[in-house]
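Breakdown of the fold
Listed below, chain by chain, are the residues.
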Amino acid sequence: MRTIFGWFIVRINPYRSPDEGVDGVGGIDGAVVACFDITAQKRVEAELREARIAADAANAAKGTFLTTLSHEFRTPLNGMLGYADILHLDGPLNAAQLRKLERIKAGGWHLAAMIDEILAFALRDEGRESVRAERVDAREVARAAQELVEPAAEAKELAFVLDVPENPVELETDVGKLRQVLINLCGNAVKYTRQGEVRLVVREETGHVVFEVRDTGIGIAPEHQSRVFDRFWQVESAATRSFGGMGIGLAAAREFSRLLGGEVELESEPGRGSTFRVWIPRARGDA
Ligand code: ADP
């Protein structure tokens, strides 16, 4: 004998005849029984439940893997960057050596930034990303970004212009994350510009500090402008591929800006250049 297992919904409704019932006094004459086979629906529900458990486990494993990996990469890199910083203490370096050292540092910082972004994504996906609040002069954060990106601009003979107000621009935010946003935007501006200049502007607006990164580079087509902020998304073109990259710089810039209570916006014209504008609330409370 074959046993058939299934799920059914059985619905029983009382049946009353329109006229007097068979017993002559009216009332319930019987029952209407309907039986619905919901086995297929139950099977799909069980499959979805299992798939969800598997996806959660895979996500947790990915998070652990990424945090471990970033840590394993970051630690030796910190040592390398530290030694690069103090190399000059052993004796004066000549101009050519200093130039090479700057390249080593710029490459190291770029790598460190990418590792930090991957780590931030992993932490954010797990809901563990934290935001600090420090008081800082926004011009200093812009200068720090300039210092790290300028060697790459010089190597391509591009002018890097820093355009900041004369007086301090007070800001209370997570300085590390803001610096990362600016480095990513300025780094891209240099990467996607063949000639002309990259300009980093700092401006004050009511309740916000605005950072603008303008370039005279290849620009971004209107149909790509909303997608460039997606993780691991790159404009599929020979022009973009020739510049290299992973497609996480802008995603990190937008996610970090939002974590700080701000936003990033893009204006671009293919062949003429791009402007990325970042608003950061002046104080964490304004977010
Ligand atoms: P990538 O590592 O590829 O630079 P990003 O997330 O930083 O990744 O940028 C995503 C894509 O957006 C890039 O591949 C490039 O096509 C485009 N892009 C970003 N910044 C600029 C820019 N300043 N000018 C032109 N295209 C840009």
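Definitions and limits used
Residues numbered from 1 in each chain as written. Predicted model: local features only at pLDDT ≥ 70, side-chain atom pairs only at ≥ 80, totals over all residues. Heavy atoms only, no water. Helix = DSSP H or I, 4+ residues; strand = E, 2+ residues; numbered from the N terminus. Rg over C-alpha atoms; globule rule 2.2 N^0.38 Å. Contact = heavy atoms within 4.5 Å. Areas by Shrake-Rupley, 256 points an atom, 1.4 Å probe, with all protein chains shown as cover. Lys, Arg positive; Asp, Glu negative; His and termini not counted. Charge placed at Lys NZ, Arg CZ, Asp CG, Glu CD. Near = heavy atom within 4 Å. Polar contact = N/O pair within 3.5 Å; in protein donor to acceptor, adjacent residues only side chain to side chain. Expected span 1.5 Å × (residues − 1). Buried < 20%, exposed > 50% of the residue type's maximum accessible area, 1.4 Å probe, protein only. Pairing = 2+ DSSP bridges. Axes fitted to C-alpha atoms, helices over the stretch in contact; angles between N-to-C directions. pLDDT = per-residue confidence, 0-100. Core = buried A, V, L, I, M, F, W, Y, C linked by side-chain atoms within 4.5 Å. Salt bridge = Lys/Arg side-chain N within 4 Å of Asp/Glu carboxyl O.

**As for the overall build of the protein chain**
Each helix and strand in the protein chain was counted, giving six helices and nine strands. Rg of the C-alpha trace for the protein chain: 30 Å, well past the compact-globule value of 19 Å for 287 residues, more than 25% over. Taking the principal axes of the C-alpha coordinates as reference, the protein chain spans close to 115 × 50 × 40 Å. Sequence-distant contacts in the protein chain: of pairs separated by 6 or more residues, those separated by 24 or more amount to 69%. Roughly 17500 Å² of accessible area belongs to the protein chain as shown, and the carbon and sulfur atoms make up 55% of that amount. If the 36 positive side-chain charges of the protein chain are averaged to one point and the 44 negative ones to another, these points end up 3 Å apart.

**Considering the site of the ligand**
In the vicinity of the ligand, 21 residues are found, and the nearest of them are Asn188, Lys191, Tyr192, Gln234 and Leu250. Taking Asn188, its side chain carries an N or O atom lying 2.8 Å from an oxygen atom of the ligand. For the ligand, an oxygen atom lies 2.9 Å from a polar atom in the backbone of Leu250. Contact with the protein chains hides 98% of the accessible area of the ligand, taken as 530 Å² for the molecule alone.

**Brief notes about helix α4 (residues 175–191)**
Over its 17 residues, α4 extends 24 Å from the first C-alpha to the last, a length consistent with the 24 Å expected when each residue adds 1.5 Å. Most of α4 is tucked away, with 13 of its 17 residues classed as buried. You can read the cap of α4 off the contacts: a side-chain oxygen lies 3.3 Å from the backbone nitrogen of Gly176, and it is on Asp174.

**Remarks on unusual backbone geometry**
With a phi close to 55°, Glu157 is a non-glycine residue in the positive phi region. Within the secondary structure, Glu157 sits in the loop between α3 (138–155) and β4 (159–163). Exposure remark for Glu157: the relative accessible area of 74% places this residue in the exposed category.

**Considering the sheet that holds strand β6 (residues 197–205)**
Strand order in this open sheet of five strands is β4-β6-β7-β9-β8, and the pairing throughout is mixed. Strands at the two margins of the open sheet, each flanked by one partner only, are β4 and β8 (263–269). Across this sheet, the average inter-strand angle for adjacent strands is 15°, counted without regard to direction. Of the strand pairs in this sheet, strand β7 (residues 208–215) and strand β9 (residues 273–281) are connected by seven bridges, and their pairing is antiparallel. Counterpart to Val213 in the pairing with β9 is Phe276. Docked against the sheet, α3 engages β4, β6 and β7, running at close to 175° with respect to β4. Here α4 sits on the sheet and contacts β4, β6, β7 and β9; the angle it forms with β7, its principal contact strand, is near 20°.

**Notes on the side chain of Asp174**
Position of Asp174 among the secondary structure elements: in the loop between β5 (170–173) and α4. Not counting residues up to four positions away in its chain, the partners in contact with Asp174 are Ser130, Val131, Arg132, Glu134 and Leu260.

**Considerations on the confidence of the model for the protein chain**
Residues with a pLDDT of 70 or more make up 91% of the protein chain, whose mean pLDDT is 87. Mean pLDDT in the protein chain bottoms out at helix α5 (residues 238–241), which sits at 58, and peaks at β7, which reaches 98.

**Section: the nonpolar core**
Soluble, globular proteins show a tendency: their nonpolar side chains are buried together. In terms of nonpolar packing, the biggest core is built from 40 residues, with Phe160, Leu171, Leu178, Leu185, Phe211 and Phe276 touching the most fellow members. Sorting the residues of this core by element identifies α3, α4, β6, β7, α6 (249–259), β8 and β9 as the ones contributing at least two each. The greatest single-element share of this core, amounting to nine residues, is contributed by α4. Ignoring anything within four residues of it in the chain, the contact list for Phe211 reads Ala138, Leu171, Leu178, Leu182, Val201, Val202, Phe276, Arg277, Val278 and Ile280.

**Points about the pattern of salt bridges**
Applying the stated criterion across every chain yields a total of 22 salt bridges. Residues joined in a network through salt bridges with shared partners are Arg203, Glu205, Glu212, Arg214, Glu265, Glu267 and Arg277.

**Looking at the pairing of β5**
The side chains of a regular strand alternate, first on one face of the sheet and then on the other. A one-sided burial pattern is seen for β5, the buried positions being Leu171 and Thr173 and the unburied ones Glu170 and Glu172. Here four bridges tie strand β3 (residues 134–137) to β5, and the two strands are oriented antiparallel to one another. Bridge pairing in β5 places Asp137 opposite Glu170.

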